[in-house]
Amino acid sequence: MTWIGVLIALAGALGYALGAALQQYEAVSAGASLTLMRRPRWWIGGAIGLTGACLHAVALSFAPLVAVQPISVATLVFAVPLAAFLHGRRPYRAEILGSIAVVVGLLWLMMLVPHGDAVPRLSDGAALGFIGVILLIALVSQVAATRVRGPARAMLLAIGAGVVTAGVSTFVRVVGGGLEGDLGRLVHWFTLAVPVLLILAVVLLQRSYAVGYFGIAYAGVQVVDPITSVTAGVLLLGEPLPTGPSAAIPALCAAALTIAGTITLGRLAPDHSRPAPVAATVEARPLTAASDRV
């Protein structure tokens, strides 16, 4: 059943990547405001992304968080070129290399976590505590983002979006994985928590996309989401962790690769769908050489 979940998650992740690229294009142009509601391409991106998210939810009913969550990271290598294409340019070599580094590093890290098929169980108290923690992290990241600009702002906003998205994934795993053929178990406040957290996650995602650094924003969400989800799976749902000293060095190497890729993406100039003023154009030039274009 785990492999079925993985295949469904891969299909959903590809849809999510395309939807994210479309929505980011519109968010850069219109800003993270209600103006987006009048843009058909934003709705199309949302519909595609929602389809991907639904497939992701189905996958979580077949496989544990530690197996499904890392799959979405692999779409970073597709999402970044798609976003570059929408903005009328070719992707920079640094974008491709940074994306691959994040994907390889995070997948490597997640592969060190053993997989299990235990039925997820979560108490009301633990669930409320989990929601409180992710909302606190999201609030702190949003406040901190008001004090910085550029890639640092995009990353902080992405952290908030990532932890809330992880909350959605965790509750979907608990609800879907705990059904065991009994649809009556859907009548629970956990089920209501999913759409509420999802709406909040969408708002925070648009704010991170609107900064213009799609690579750093998307990578930030894709890194924070699975790490938070796996942590929740281990601490709250009893999913297993790797044991033995032999996993420590590979885990450190994988983490270093992920961090290096994220930093590389953060050094790139923001995308803008409208022509920038001459002064701003010089400032917005990527910090990589012209040979970095591919």
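Structural data are supplied above this passage.
About the criteria used
Residues numbered from 1 in each chain as written. Predicted model: local features only at pLDDT ≥ 70, side-chain atom pairs only at ≥ 80, totals over all residues. Heavy atoms only, no water. Helix = DSSP H or I, 4+ residues; strand = E, 2+ residues; numbered from the N terminus. Buried < 20%, exposed > 50% of the residue type's maximum accessible area, 1.4 Å probe, protein only. Contact = heavy atoms within 4.5 Å. Areas by Shrake-Rupley, 256 points an atom, 1.4 Å probe, with all protein chains shown as cover. Phe/Tyr/Trp six-rings, centres within 6.5 Å; stacked < 30°, edge-to-face > 60°. Expected span 1.5 Å × (residues − 1). Salt bridge = Lys/Arg side-chain N within 4 Å of Asp/Glu carboxyl O. Axes fitted to C-alpha atoms, helices over the stretch in contact; angles between N-to-C directions. Parallel < 35°, antiparallel > 145°, perpendicular 65-115°, else oblique. Left-handed = near helix turned anticlockwise from the far one by under 90°. Nonpolar A, V, L, I, M, F, W, Y, C, P; charged D, E, K, R; others polar. Core = buried A, V, L, I, M, F, W, Y, C linked by side-chain atoms within 4.5 Å.

Across its full length, the protein holds eleven helices and zero strands. Ordered by position from the N terminus, the helices and strands of the protein form the series α-α-α-α-α-α-α-α-α-α-α. In the protein, buried positions account for 49% of the 294 residues. Sequence separation of 24 or more characterises 81% of the internal contacts of the protein that already satisfy a separation of 6 or more. Summed over all atoms, the accessible surface of the protein reaches about 13600 Å², with 73% contributed by carbon and sulfur.

Once that is clear, we can look at the packing of aromatic side chains. With the rule as written, the count across this model stands at five aromatic pairs. Seen from their ring centres, Phe130 and Phe171 are 6.2 Å apart, and the 40° between their planes marks the pair as tilted. In this pair, Phe130 is assigned in helix α6 (residues 124-145) and Phe171 in helix α7 (residues 150-177), connecting sequence segments 41 residues apart. On the basis of relative accessible area, Phe130 is assigned to the buried category, the value being 9%. Their ring planes at 80° and their centres at 4.7 Å tell us that Trp189 and Phe190 sit as a pair that is edge-to-face. For Trp189, a relative accessible area of 29% gives the class partly exposed. Among the aromatic side chains, those forming a connected cluster through ring pairs are Phe130, Phe171, Trp189 and Phe190.

This next bit is on helix α8 (residues 189-210). For α8, which comprises 22 residues, the first-to-last C-alpha distance of 32 Å matches the rise-based estimate of 32 Å (1.5 Å per residue) to within 8%. Of the positions making up α8, those classed as buried are Phe190, Ala193, Val194, Leu197, Ala201, Leu204, Leu205, Gln206, Ser208 and Tyr209. Trailing α8 by a residue or two, Gly212 shows a phi angle of about 110°, which is positive.

In this structure, Gln23 sits in helix α1 (residues 2-30). Of the residues examined, Gln23 reaches a relative accessible area of 10% and is grouped as buried. Here Gln23 is in contact with Trp42, Gly45, Gly46, Gln206 and Tyr209, once residues within four sequence places are set aside.

A separate point is the pattern of salt bridges. Counted under the stated rule, the structure contains three salt bridges. Here Arg41 and Glu26 are joined by a salt bridge, their closest N and O atoms 2.9 Å apart. Pair noted here: Arg41 is in helix α2 (residues 40-62) and Glu26 is in helix α1, with a separation of 15 residues, a long-range link. Accessibility expressed as a relative area gives 35% for Arg41, which makes it partly exposed. The exposure class assigned to Glu26 is buried, which follows from its relative accessible area of 3%. When salt bridges with common partners are traced through the structure, they connect Glu26, Arg39 and Arg41 into a single cluster.

Quick look at the packing of helix α4 (residues 76-86) against helix α9 (residues 214-235) now. Running from N to C, α4 and α9 point in directions that differ by 155°, and their axes come no closer than 10 Å. When the axes of α4 and α9 are compared, the pair comes out roughly antiparallel. Of the two possible hands of crossing, α4 and α9 adopt the one that is right-handed. Where α4 abuts α9, its residues Leu76, Ala79, Val80 and Ala83 lie against Phe214, Gly215, Tyr218 and Ala219. Across the contact of α4 with α9, the residue classes tally to seven nonpolar, one polar and no charged.

In this structure, Leu76, Phe171, Tyr209 and Tyr218 are the most contacted members of the largest nonpolar core, which totals 58 residues. Every element with two or more residues in this core is listed here: α1, α2, α4, α5 (93-111), α6, α7, α8 and α9. Tallying contributions element by element places α7 first for this core, with twelve residues. Not counting chain neighbours up to four residues away, the residues in contact with Leu76 comprise Pro81, Ser99, Val102, Val103, Gly215, Tyr218, Ala219 and Leu265.

Take the environment of Thr262 next. Examined against the element boundaries, Thr262 turns out to sit in helix α10 (residues 248-266). Taking the C-alpha atoms as reference points, Thr262 and Ala217, separated by 45 residues in sequence, lie 9.5 Å from one another. Those residues in contact with Thr262, other than ones at most four positions away along the chain, are Val102, Met155 and Ile216.

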